[in-house]
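# Summary of the model geometry
Chain residues, written in single-letter form:
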Amino acid sequence: VITRYTGLDPNPRIEASYGGVPVVGIADRAFESCVHLREIAIPEGVTRIGNRVFAGCSALASVSIPGSVTRIGDWAFYGCSALASVSVPDGVTWIGKNTFCSCRSLADVSIPSSVTQIGDGAFSYCKSLASISIPDSVTQIGSGVFEGCAALASVFIPDSVMQIGSGVFEGCESLVVTCPQNSFAWSYCKENGIPVEPKLV
């Protein structure tokens, strides 16, 4: 497991193994507040990205996450304000609490069909995020997931979603949700005064 990084290299290299021992995880807070960090590639074989691993890395603009990763921890990319695009790999089943919170430049997010739960505030205050599609695998959307996403105009929610927390779209003034008519998401939007359009399935 990679622990605390204290170097100044803006593009540090994480090896797939050290001394013949494979790297399988990145510990909590390993790169937290490394304000010089601009680009990083996580090697294949890593399965776990811990809590707050890249929190406060305000210059981080590019991160490569391998398909071996199954869990991205709470607050993992919090405040990565230069990060514009991220592809969550197929195999991740859960996106943690506030994982991408306050990633102000994040405009392009791909969520794979392996994800079943999106934690509270996962994409909150991503002010450049304009649209997102939630895959059919997701059953739970936590509270405040898209809170403060001022540019968010389009979200698709499938009928697989059976639980949506409070304040998910708080502050999303331009939003129109698309979802199957009479689905759980449809009822949620109607009950909370959120503009919604039907999508046939």
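Our structure is the block above this text.
Residues numbered from 1 in each chain as written. Predicted model: local features only at pLDDT ≥ 70, side-chain atom pairs only at ≥ 80, totals over all residues. Heavy atoms only, no water.

## Digging into the sheet that holds strand β17 (residues 196-198)
The four strands are arranged β12-β14-β16-β17 in an open sheet whose pairing can be described as parallel. Two strands in the sheet have a free side with no partner beyond their single neighbour: β12 (131-133) and β17. Shown here is a sheet whose adjacent strand axes are inclined to one another by a mean of 20 degrees, direction ignored. Note that β12 and strand β14 (residues 154-156) share three bridges and pair parallel. By the bridge assignment, Ser133 is partnered in β14 with Phe156. Here helix α1 (residues 184-191) sits on the sheet in contact with β16 (176-179) and β17, set at roughly 145 degrees to β17. (Pairing = 2+ DSSP bridges. Helix = DSSP H or I, 4+ residues; strand = E, 2+ residues; numbered from the N terminus. Axes fitted to C-alpha atoms, helices over the stretch in contact; angles between N-to-C directions. Contact = heavy atoms within 4.5 Å.)

## Things to note about the packing of aromatic side chains
Counted under the stated rule, the structure contains eight aromatic pairs. Arranged with centres 5.2 Å apart and planes meeting at 35 degrees, the rings of Tyr5 and Phe31 form a pair that is tilted. Taken together, the positions of Tyr5 in the segment before β1 (17-18) and Phe31 in the loop between β3 (25-26) and β4 (39-41) put the pair 26 residues apart, joining distant regions of the chain. Of the residues examined, Phe31 reaches a relative accessible area of 2% and is grouped as buried. Geometrically, the ring pair formed by Phe123 and Phe146 is stacked, given 5.8 Å between the ring centres and 10 degrees between the ring planes. With Phe123 in the loop between β11 (117-118) and β12 and Phe146 in the loop between β13 (140-141) and β14, this pair connects stretches of sequence that are 23 residues apart. For the cation-ring pair, Lys199 lies above Phe156, with the distance from its terminal atom to the ring centre recorded as 5.8 Å. (Phe/Tyr/Trp six-rings, centres within 6.5 Å; stacked < 30°, edge-to-face > 60°. Buried < 20%, exposed > 50% of the residue type's maximum accessible area, 1.4 Å probe, protein only. Lys NZ or Arg CZ within 6 Å of the ring centre and 35° of its normal.)

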